[in-house]
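Now for the letters of each chain:
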Amino acid sequence: MIEIQNVSTSFASAAGPFTAVDDVSLHIRRGTIQGIIGFSGAGKSTLLRNINLLERPTSGRVLVDGVDLVTLSDAELRTKRHDIGMIFQHFNLLNNLTAQENVELSLKFAGVGKAERRRRAAETLEIVDLADKAGTYPAKLSGGQKQRVAIARALATGPKVLLCDEPTSAVDPRTTSSVLQYLADVNAEFGITIVVVTHEMNVIKAIADNVAVMEEGRVVEQFDLAELQRPGFHPATSIGRYLVSDEIQLDRSGRGTHTTAASEGLINV
Amino acid sequence: MFDRILEVLPEIGVAMGQTLTMLLVAIPLAVLLGTPLGVLLYTIGPNGLKHRPKLHRVLDGLVNLLRSFPFLILLIAIIPVTRFIVGTTIGTAAVIVPLTLNAIPYFARFVEQNLSQLGGGVVEAARSMGASRSQIVRDVLIVEAKPGLVSSITIMTVSFISYSAMAGLVGGGGIGDFAIRYGYYRYETPLMITAIVLMILLVTIVQLGGSYVARRLDKRL
């Protein structure tokens, strides 16, 4: 479904070109949920944006459903994007539009007429169980509800792919499972291929069929859920092991690794 | 004292009418023409949808140039332009031209500022939905900036009530000019105070009205 071939993405920075994504190839099968995990700055969000060309790769090919997006014209790319929904860490809803109007927006951009927009937006809000919040503005919704509106907005145009950029990083743990459940349902019911970028291993464990571990712009390791759940499974890379262990380890003897001015300041208190 | 005020009441009425005419023509025109200019400034700016450094520098400089003119000097400097546009260089119509010319870049800056404060999140979301640049401007940026824009229009209107007082220089009239003529030139302090009270009222009404509309439009809380 999604074929990322030798994709690199560099940005110009004050200290010269910075390579956010470094020669990544990744094959994501139709109807699966692909997790991409890594620390901040590993390049996972840039790689996700390479899939719908929000960030144009410096080199390489991105095939979605057999079409190389890199070669498309602006207009063709915009049409193609109606097939690729996206949700974000901070929801990115329009504050001055109701839930219903927010969902209608993606349909409007897809050129759907007004009456049809209204009908399909209401239908999609139904999928995320927010029909009763159709007339509510985002400010009056909880974090989880906002993300569900965003999911509805992404789904309204009937996409084949849903890109999720840290979809649960701004909501509390209980809401996390609810949001992930909706994503899992969407995947199961409509066969939508989902790509989830996150730094939370429990999210990956809960939802991903396949996992790609990223570090410094490269995919350093890939494994699937079955492997991950096998007792005694050890990722090959240290970063993979660290992420899978999903534990915070501290030295509480008071001789921790950092003896910065800040920690010294704490001692004096 | 009250007799005197009653005596010139018709003239005060005319003056208020002139001030309102100036505002009701200049402000809508500034919004109409300043909005696209402001959108363009934002769009081709460093954080815009289509960065065009050279064009941006030129437009940016032009806006700064117009904004640097003290209003009184602009009023005189563009007299030929005024004659060309409204066919006269005196009277209320003649003041509206420099008022508008001053207000357009003024409002364009407000628009630019309001748009750049929105943050990239909604724009990125719109792009991911396959929106074109004009759709992003119309259906996302303007929608989100609307309450801020109404506040900007309010601020601009209040500023231009003050600017319009200089209209007397070219015989444009208005309530501010009335205050200057009767209060300053003729030492009729009660008349000046009357005119100033009217201006305070006008500013208060504009401010209260503007704040009310902005609050109603703002759904962030």
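In what follows, the structure referred to is the one given above.
One structure accompanies this document, and this report is about it. If you're wondering where the values come from, they're calculated on a predicted model, not measured in any experiment.

Cut-offs used in this document
Residues numbered from 1 in each chain as written. Chains lettered and ligands numbered in written order. Predicted model: local features only at pLDDT ≥ 70, side-chain atom pairs only at ≥ 80, totals over all residues. Helix = DSSP H or I, 4+ residues; strand = E, 2+ residues; numbered from the N terminus. Rg over C-alpha atoms; globule rule 2.2 N^0.38 Å. Buried ≥ 20, exposed ≤ 12 C-beta atoms within 10 Å, placed from the backbone. Contact = placed C-beta atoms within 7 Å. Pairing = 2+ DSSP bridges. Expected span 1.5 Å × (residues − 1).

So, the overall build of chain A
Moving on, step 1. Per the secondary structure count, chain A includes ten helices and ten strands.
Moving on, step 2. A compact globule built from 269 residues would reach a C-alpha radius of gyration of about 18 Å, and chain A, at 20 Å, matches this within 12%.
Moving on, step 3. Seen along its three principal axes, the alpha-carbon backbone of chain A occupies a region of about 65 × 45 × 45 Å.
Moving on, step 4. Per-residue burial for chain A yields a buried fraction of 42% across its 269 residues.
Moving on, step 5. Pairs at least 24 apart in sequence give 66% of the contacts found in chain A among residues at least 6 apart.

Some points on the sheet that holds strand β1 (residues 2-13) of chain A
Residue and element names in this part refer to chain A.
Moving on, step 1. The antiparallel open sheet is built from four strands, whose spatial order is β2-β1-β4-β5. Strands with a single pairing partner mark the edges of an open sheet, and in this sheet they are β2 (16-28) and β5 (67-68).
Moving on, step 2. Where strand β4 (residues 59-64) meets β5, two bridges bridge the pair, whose relative direction is antiparallel. Paired with L63 across the strands is D68, a residue of β5.

Details of helix α4 (residues 114-127) of chain A
Residue and element names in this part refer to chain A.
Moving on, step 1. With 14 residues, α4 should reach 20 Å at 1.5 Å per residue; the first-to-last C-alpha distance of 20 Å fits that figure.
Moving on, step 2. Where the residues of α4 are buried, they touch α3 (99-109) and α5 (143-155).
Moving on, step 3. Looking one or two places after α4, you find D129, whose phi comes out positive at around 55 degrees.

Some points on the interface of chain A and chain B
Moving on, step 1. Contact residues are listed per partner, giving 21 residues for chain A and 20 residues for chain B.
Moving on, step 2. Among the elements that line the side of chain A that touches chain B, the one with the most residues is α3(A), at four residues.

Section: the environment of L62(B)
Residue and element names in this part refer to chain B.
Moving on, step 1. By the secondary structure assignment, L62 is in helix α2 (residues 53-68).
Moving on, step 2. According to the C-beta neighbour criterion, L62 is partly exposed, with 14 such atoms within 10 Å.
Moving on, step 3. Residues L62 and M166, 104 residues apart in the sequence, show an inter-C-alpha distance of 24 Å.

Shape descriptors only; they carry no functional weight alone.
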